[in-house]
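Spelled out from the first residue to the last, the chains are:
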Amino acid sequence: KDSGKPCYSLERLQALHHKLEAFHVVDDRNREEAVETIRQITEALIWGEKNDTSVFDFFCEKNLLAHFVRVLGVPRTPKIIKTQLLQTLSILVQNITRDTSLYYLFSNNYVNQLIRTPFDWSDEEILAYYISFLKSLALRLNLETIKFFFNERAEHFPLYTEAIRFFHHRDSMVRASVRTLTLAVFRVDDPGMRAFVLKPATRYYFTHLACHLRDLWYKMDAVVRDRVGAGQVQDVLDTHEDMLGYLDDILALEIADLNTVLCEQLRSHCVFPLLMQGLEATRLERPSMDVGERDSWTDTSDQSLSRTATLFLLHELFTKTRSHALLEPVASLLLLPTLPRELLVSVRAVAPPAPPSYTNLGCPDAGLVEVSQTAPAAPLVGSSLDDPGSQPNQVPNPFRAGLMEALCGRDEIAALAAAVIRAVACLRPALPLSLLTAARLLPESSLHSEDDAPSELLGVGGTTEAHPLECLLRLILVLHRSDLRVWTIQIVCRCIVDIFCQPCICDHERWAAAVSSSIWDAHLRVSQTLLTHMPGDGSEQRSSFLDQFLAAWDWHTQPYISVPAQCSQPKVLLEADHTAETVESLDAIRSYLVVRRAVRDMRLVASKANVLGKSAEPLPIAGTGASLQQSVDVSGLDLIMCSMDDVVHCLIQHPALFVLGIPDVMNPCQSEVEVCKPVEYVSVSSVDLESSELLVEVKVPSAKPGDDAKFRLKFADALRCELAQSHLSSARAAVREQLLTQLYCFLVGPDAVSAMAQACTPT
């Protein structure tokens, strides 16, 4: 290389080409040199594209592209050469900016010939480079370049048909590349190409997608039934989430014909036969069964999913996809009170088997499927169901009945059922209000006068059927159950509040008051449960009950949990250990506070106070609030001298505080306060019966860094030690008794009742 010339030039490329021609046979002795030569040719071409057009002209003149394609097609070409050539072509496609250069690469059918080359697909490295090359081609597709790959007359589109064979390959990078490629193809607004993609002989790809989603659902159900670890469940969930995201990306393109075909295949192969049929009330395992028993179904057909998996997947469908075309039919079948008998029969049909081409994916001889292999379209649940009364021969909806029955199931089942109802309600405005109104999920938005809404919702002893807010009322009735864990109550309460926040409810005074009145009944129920756990006077458990309340209050003032995030975790699919030991009184306190917060937040929403999500309510009980200055006059105070860490201290006998001071040597009447803690959080114990040492521990239930502490105090004799212990113990007991009195008044006193009753009345 001459120092005055750039590293790459036309002369340099000519020398590299001459060197490449000298490789008549590539073996172990020269393969590294051959790879390096190809790599340098690639760099020279990229340099020439930006700096010297004659460089790429030389590449075209020598027809190097045809030579590369020919070498790639020779079976005995070393793998290292094939991977370098595929990488070279990918780099060229990605970096060429001139249209003339790009059109040359795509012309003469060389690229299509390479796409159809039968490589060793069992070699994952070759496959990865091959798919990466196809993806780079797809990303350059537009209305002009599509003509180089799609032959409309011959109906050949190898870039698409060859790539989709690997759409569910075990390598996640291969799957991601294929999905990127297909989305790039679908985005090209070429009528001929889209007609080819959707014609009966080639739309099998959408059937494959539906079958693959169905397989993922079976796999998820299997790991749930086998009770594997959370790690294995998470792997399946990640794959499933990626698949749902890809389907949502396709539907988000809003290509009407494509969405119709894809939704038909999804409904017929997986959504209707697995999810809808899995919700029928006659097939649900009764909640009275032991938690440890495996989910079982009355119908033991192979396509049945467990209750947990069915509800989990429905929630994933409504929260991870946004397509109106897919979700509205599912929501209609899920929540409308009645369905046409003919539609119900169609939905209950057995899922069609996967076409033979689905099992041959990735095989060299896997081609297009026959037209007869395409599954028939599933029944379309359209706008005709928005008004169920307009359809003749209506029958009760068993899918809705199954969903409502699930609210009576064990914790995970009830929480997921509530989450599904919330997800549908929060899809406004994606779903029409007429559907949600017919489903008795939301009231009609046209009701604005006070006479339009009933004065109250029905309570536990009444019936919820045919009520405009039946679904919301059923969620509130779940809170009357006494067998639910705190987590489930959190989920249900958040679902209730989120649905209540819909403008057609919270902005309507009578609707808001009626819902608030109904949840007040649930609040009374949890209040009564809490009272049964409250220790009476003189009980040894009174002190621990106070600590539990303080800890629970700090816990419940945290920001609201996210229902989609909570109900998408692996732990929801795995059966919880309900036999684990829990503190019933603590759970009762937490349940009470969760429901109480829901009542309060609904009042704030109705009064247009935008504070939902974090409680700003102060702690309803408090100590004396006493405090001391940094330096205090101890001349009139009772002191007990002691030492800590070999430093002389004085224990100031304060009725509400644990105070340790350091005497001022220069002024005996003054003392510098070193420790000052509320005495209600102090516990004391002596080292032994005859010891003059005292162990003092400060433990705040809602501790912040620095709040908790331990101290070891030494006294001159055992008498002083006993006196200090007696003072701290009696002061602690007196203050805590005051706090317990405040707590009792907060829970059941007249002030608390009137305050909570006010929460049920809109401002």
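These numbers come from a predicted model, not from an experiment.

Undergrad: Give a detailed account of the overall build of the chain, specifying residues and quantitative values.
TA: A count of helical and extended segments in the chain gives 32 helices and 10 strands. Within the chain, the fraction of its 763 residues that count as buried is 52%. Counting contacts in the chain only where the partners sit at least 6 residues apart, residues at least 24 apart contribute 72% of the total. Accessible area for the chain stands at about 34000 Å²; split by element, carbon and sulfur atoms hold 51% of it.

Undergrad: Can you lay out the pattern of salt bridges for me, pointing to particular residues and giving the numbers?
TA: Counted under the stated rule, the structure contains 28 salt bridges. In the salt-bridge network here, residues are joined through shared partners; they are R400, R440, E470 and R474.

Undergrad: With reference to specific residues and values, describe the nonpolar core.
TA: In this structure, F186 and F206 are the most contacted members of the largest nonpolar core, which totals 234 residues. Counting residues in each nonpolar core, the second largest holds 7 residues, with V632, C650, V659 and V673 among its members.

Undergrad: Lay out the packing of helix α14 (residues 230–252) against helix α15 (residues 256–278) with the relevant residues and their values.
TA: Taken N-terminus to C-terminus, the directions of α14 and α15 make an angle of 145 degrees; their axes are 9 Å apart at the nearest point. Between α14 and α15, the contacting residues are L247, I250 and L251 on the first element and L258, N259, L262, C263 and L266 on the second. Partitioning the contact of α14 with α15 into residue classes produces 7 nonpolar, 1 polar and no charged.

Undergrad: Lay out the confidence of the model for the chain in plain terms, naming residues and giving numbers.
TA: On average, the chain scores 82 in pLDDT, and the residues at 70 or more come to 83%. Of all the helices and strands in the chain, helix α32 (residues 750–759) carries the lowest mean pLDDT, 49, while helix α11 (residues 172–187) carries the highest, 95. Below pLDDT 50 for its whole length, residues 282–301 participates in 48 contacts with residues either more than four positions away or in separate chains. Low confidence marks residues 759–763, where pLDDT is under 50. Its contacts with residues over four positions away, or in another chain, come to 11 contacts.

Undergrad: Break down the environment of L183 for me, with residues and values.
TA: Along the chain, L183 falls in helix α11. Its relative accessible area of 8% is what places L183 among the buried residues. For L183 and Y246, which are 63 residues apart along the polypeptide, the C-alpha to C-alpha distance reads 8.8 Å. Dropping the residues within four chain positions of it, L183 is found in contact with Y246, D249, I250 and L253.

Conventions and cut-offs
Residues numbered from 1 in each chain as written. Predicted model: local features only at pLDDT ≥ 70, side-chain atom pairs only at ≥ 80, totals over all residues. Heavy atoms only, no water. Helix = DSSP H or I, 4+ residues; strand = E, 2+ residues; numbered from the N terminus. Buried < 20%, exposed > 50% of the residue type's maximum accessible area, 1.4 Å probe, protein only. Contact = heavy atoms within 4.5 Å. Areas by Shrake-Rupley, 256 points an atom, 1.4 Å probe, with all protein chains shown as cover. Salt bridge = Lys/Arg side-chain N within 4 Å of Asp/Glu carboxyl O. Core = buried A, V, L, I, M, F, W, Y, C linked by side-chain atoms within 4.5 Å. Axes fitted to C-alpha atoms, helices over the stretch in contact; angles between N-to-C directions. Nonpolar A, V, L, I, M, F, W, Y, C, P; charged D, E, K, R; others polar. pLDDT = per-residue confidence, 0-100.

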